[in-house]
Amino acid sequence: QVQLVESGGGLVQPGGSLRLSCAASGFTFSNYAMSWYRQAPGKERELVAAITSAGDSTNYADSVKGRFTISRDNAKNTVYLQMNSLKPEDTAVYYCKAVRWGRAYWGQGTQVTVSS
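Residues numbered from 1 in each chain as written. Predicted model: local features only at pLDDT ≥ 70, side-chain atom pairs only at ≥ 80, totals over all residues. Heavy atoms only, no water.

Participant: Could you clarify how one ought to interpret the overall build of the protein in this entry?
Facilitator: Secondary structure summary: the protein contains zero helices and 11 strands in total. Starting at the N terminus and walking to the C terminus, you meet the elements of the protein as β-β-β-β-β-β-β-β-β-β-β. Against the globule reference of 13 Å for 116 residues, the protein gives a C-alpha radius of gyration of 13 Å, in line with a compact fold. Its C-alpha atoms put the protein at 40 × 25 × 25 Å along the principal axes. With the model as given, the accessible surface of the protein reaches about 6,200 Å², and the carbon-plus-sulfur share is 45%. (Helix = DSSP H or I, 4+ residues; strand = E, 2+ residues; numbered from the N terminus. Rg over C-alpha atoms; globule rule 2.2 N^0.38 Å. Areas by Shrake-Rupley, 256 points an atom, 1.4 Å probe, with all protein chains shown as cover.)

In structure tokens:
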């Protein structure tokens, strides 16, 4: 059974940091490109960051560039999103996604709330 399980979300003050994790099972993790998306209430789901299967290239949305870092550990079947200098507009449900040859798997999401 394919599973992507996000963890690490929670409530944090503006300017704070969180590290999200996504643990994968049921498929060959090292063959898949990985990405993080987020969706706020009433808004479209948007791509936040992406990383190639080998971890040798990354891409970021302009809104998070310089603040967020995506990484992966293929030996642990896990992808991470380090989030620094968090802003209230970063508040959303964050989703992990795996892609290979057009096939996509999604996690269940984890809530991130940035508020005073």
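Participant: Is there a simple way to think about the pairing of strand β4 (residues 33–39) in this case?
Facilitator: Put simply, side chains in a regular strand alternate between the two faces of the sheet. In terms of burial, β4 is largely enclosed, as five of its seven residues are buried. Here β4 pairs with strand β9 (residues 92–100) via seven bridges, running antiparallel. Note that in β9 the partner of arginine 38 across the bridge is tyrosine 94. Pairing geometry for β4 and strand β5 (residues 46–51), over five bridges, is antiparallel. Residue pairing in the sheet places tyrosine 37 in a bridge with leucine 47 of β5. Hairpin remark: β4 followed by β5, antiparallel, with six residues in the connecting loop; positive phi at glycine 42, about 75°. (Buried < 20%, exposed > 50% of the residue type's maximum accessible area, 1.4 Å probe, protein only. Pairing = 2+ DSSP bridges.)

Participant: Help me understand the side chain of glutamate 6, please; the structure alone is not making it clear to me.
Facilitator: Tracing the backbone through its elements, the reader meets glutamate 6 in strand β1 (residues 3–7). There is a polar contact of 2.7 Å between the side chain of glutamate 6 and the backbone nitrogen of cysteine 96. A distance of 2.9 Å separates a polar atom in the side chain of glutamate 6 from the backbone nitrogen of glycine 109. (Polar contact = N/O pair within 3.5 Å; in protein donor to acceptor, adjacent residues only side chain to side chain.)

Participant: For this particular structure, what's the right way to read the pattern of salt bridges?
Facilitator: Pairing of side chains with opposite charge becomes possible as their charged atoms draw close. For the structure shown, the criterion picks out four salt bridges. Here arginine 38 ties to glutamate 46 by a salt bridge, and the two come within 2.8 Å at their closest N and O atoms. Classification of arginine 38 by relative accessible area gives buried; the value is 6%. Between aspartate 90 and arginine 67 there is a salt bridge, and its shortest N-O distance comes to 2.8 Å. Here arginine 67 lies in the loop between β6 (58–60) and β7 (68–73) and aspartate 90 lies in the loop between β8 (78–83) and β9, a separation of 23 residues in the sequence. Both residues of the pair, aspartate 90 and arginine 67, belong to the buried class. (Salt bridge = Lys/Arg side-chain N within 4 Å of Asp/Glu carboxyl O.)

Participant: Just to check I follow, could you spell out the sheet that holds strand β3 (residues 18–25) for this structure?
Facilitator: Judged by pairing direction, the sheet is antiparallel, and its four strands sit side by side in the order β1-β3-β8-β7 without closing on themselves. In this open sheet, the two edge strands, each paired with only one partner strand, are β1 and β7. Geometrically, the sheet is characterised by an average inter-axis angle of 15° between neighbouring strands, direction not taken into account. In this structure, β7 lies alongside β8, joined through six bridges in antiparallel fashion. The residue of β8 that forms the bridge with aspartate 73 is threonine 78. (Axes fitted to C-alpha atoms, helices over the stretch in contact; angles between N-to-C directions.)

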